[in-house]
Amino acid sequence: MSNSRLLSTSTRSPPSAVFLNAGRLDYDGALDFGRLSSITSLTLHRVDGLNYANDPEEIVRRVKECDAEIIITKEMELPASAVRAFGPSVRLICEAGTGYNNIPVREAHDRDVDVCNVPEYSTDAVAHMAVTYLMNFSSSMFQQQAMLLRGDRSNFTDRMTVPLSELGGKTLGLVGGAGRIGSRVADVALALGMDVIVSSRAGRLPEGHRLAGHARVRTVADVDGLLLPVADYVSIHCPLNDETRGSFGRKQIERMKPSAFLINTARGAILDEAELIECMREGLIAGAGLDTQSSEPPPQDSGLWTLPNVWMTPHAGWRRLETRQRLIDQIADNIEAYISAGKATNIVN
């Protein structure tokens, strides 16, 4: 670490910080930025800001107009050209979330700018979203509600026409599920009486992992051969990177049981969306629940909107009120460490 950075962060005056798209996080005006404002000179741009990617000059203008030392973004594409154009005042970029594939971390590193994220703020909330899909699928809740909305009351007035099944004894496959969120999903699944298969490159859980040795947990390295063919529900929990982008498509779906359901609460681009749409049109599996999509929202002409066996939510896993406030508070934790020690916590570059 350079001496200049230590000097710049050891001053008593609060560093200037700009939240470029605070509206994406505080869309309802319910969040308290008081703690963040107390430790920085904070500028909030209450816009969603996803369109900034088409206007890097606007990003640079908003950073320079407040001489920002700290930049905060939420799931906003930060072009490398913008990072190159930042002035020397910028020392820290905070991603308000877990994934940071939207930030050019190497470009930032080359300019001696740290990038940090907030990896644990939404563990429970996203895990609960996956479990919500799981429980809805087991009871055909989505289908039942859709029938009522189109005036079909036959499940009340005649015999039940949708499948209903218990979760106890069923198998949940967690693709990349040894991390925080996947492990929390496994905790709930085990409490519901399910068997769990976790994928891991090593074919085993890390030493000391709380699921290691559990009688109803199995770990495999071969997802296509040992997880997909036996799972009744498959839930995706990988990070998005060059290796995982588009890695789950037709080949994987064809390995699943025809009666199985696919759930994705990770990054939408992990799925090959074009192949997923084709497979769902062909009815290769029973259904898919997507809290994330490769483009959010999907294009207006995307087949995802109209497929009767695909259910979507608008990346809602992290949007619960308590989850979003926790995120703001943990961003403040990162920045407090930067101010007091010259280096933020959760640096990713």
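Cut-offs applied
- Residues numbered from 1 in each chain as written.
- Predicted model: local features only at pLDDT ≥ 70, side-chain atom pairs only at ≥ 80, totals over all residues.
- Heavy atoms only, no water.
- Helix = DSSP H or I, 4+ residues; strand = E, 2+ residues; numbered from the N terminus.
- Rg over C-alpha atoms; globule rule 2.2 N^0.38 Å.
- Buried < 20%, exposed > 50% of the residue type's maximum accessible area, 1.4 Å probe, protein only.
- Contact = heavy atoms within 4.5 Å.
- Areas by Shrake-Rupley, 256 points an atom, 1.4 Å probe, with all protein chains shown as cover.
- pLDDT = per-residue confidence, 0-100.
- Disulfide = S-S within 2.5 Å.
- Expected span 1.5 Å × (residues − 1).
- Core = buried A, V, L, I, M, F, W, Y, C linked by side-chain atoms within 4.5 Å.

Participant: How do you make sense of the overall build of the protein chain when you look at a structure like this?
Facilitator: Scanning the protein chain from terminus to terminus reveals 14 helices and twelve strands. By the compact-globule yardstick of 20 Å for 349 residues, the protein chain fits well, its C-alpha radius of gyration being 22 Å. Within the protein chain, the fraction of its 349 residues that count as buried is 50%. For the protein chain, the proportion of contacts with a sequence separation of at least 24, taken over those separated by at least 6, is 66%. For the protein chain, the accessible area works out to roughly 16100 Å², and carbon and sulfur atoms hold 50% of it.

Participant: Would you mind going over the confidence of the model for the protein chain with me for this structure?
Facilitator: Close inspection of predicted coordinates is inappropriate in any region flagged by low pLDDT. Summarising the model, the protein chain shows a mean pLDDT of 94, and 95% of its residues fall at 70 or more. Here residues 1-10 scores under 50 on pLDDT; set against residues more than four positions off or in separate chains, the count is 19 contacts.

Participant: Help me out: how do you make sense of the state of the cysteines in this one?
Facilitator: According to the stated counting rule, one finds zero disulfides in the structure shown. Here cysteine 66 stays free of any disulfide, with the sulfur of cysteine 94 as its closest cysteine sulfur at 13 Å. For cysteine 66, a relative accessible area of 18% corresponds to the buried category. Considering cysteine sulfurs only, cysteine 238 is the nearest to cysteine 279, which forms no disulfide, with 18 Å between them. Judged by relative accessible area, cysteine 279 falls into the buried class, the value being 0%.

Participant: Help me understand helix H10 (residues 180-191) in this model?
Facilitator: Over its twelve residues, H10 extends 17 Å from the first C-alpha to the last, a length consistent with the 16 Å expected when each residue adds 1.5 Å. Buried residues in H10 make contact with helix H7 (123-138), strand S6 (171-175), strand S7 (195-199) and strand S8 (217-220). Just downstream of H10 lies glycine 193, where phi reads positive at about 90°.

Participant: Please clarify how the nonpolar core should be interpreted in this entry.
Facilitator: The nonpolar side chains of a soluble globular protein tend to be buried, and buried together. In terms of nonpolar packing, the biggest core is built from 30 residues, with Leu227, Val234, Ile236, Phe248 and Leu262 touching the most fellow members. Breaking this core down by element, the ones donating at least two residues are helix H11 (223-227), strand S9 (233-236), helix H13 (273-281) and strand S11 (287-290). In terms of residue count, the dominant contributor to this core is H13 (four residues).

Participant: Even after reading the chapter, I still don't get H7, so can you show me in this structure?
Facilitator: Note that an α-helix has 3.6 residues per turn; residues three or four places apart therefore point the same way. With 16 residues, H7 should reach 22 Å at 1.5 Å per residue; the first-to-last C-alpha distance of 23 Å fits that figure. Counting buried positions along H7 gives twelve out of 16 residues, so the element sits mostly inside the fold. Looking only at H7, the buried set comprises Thr123, Ala125, Val126, Ala127, Met129, Ala130, Val131, Tyr133, Leu134, Asn136, Phe137 and Ser138. Among the residues trailing H7, serine 140 stands out with phi positive, at a value near 50°.

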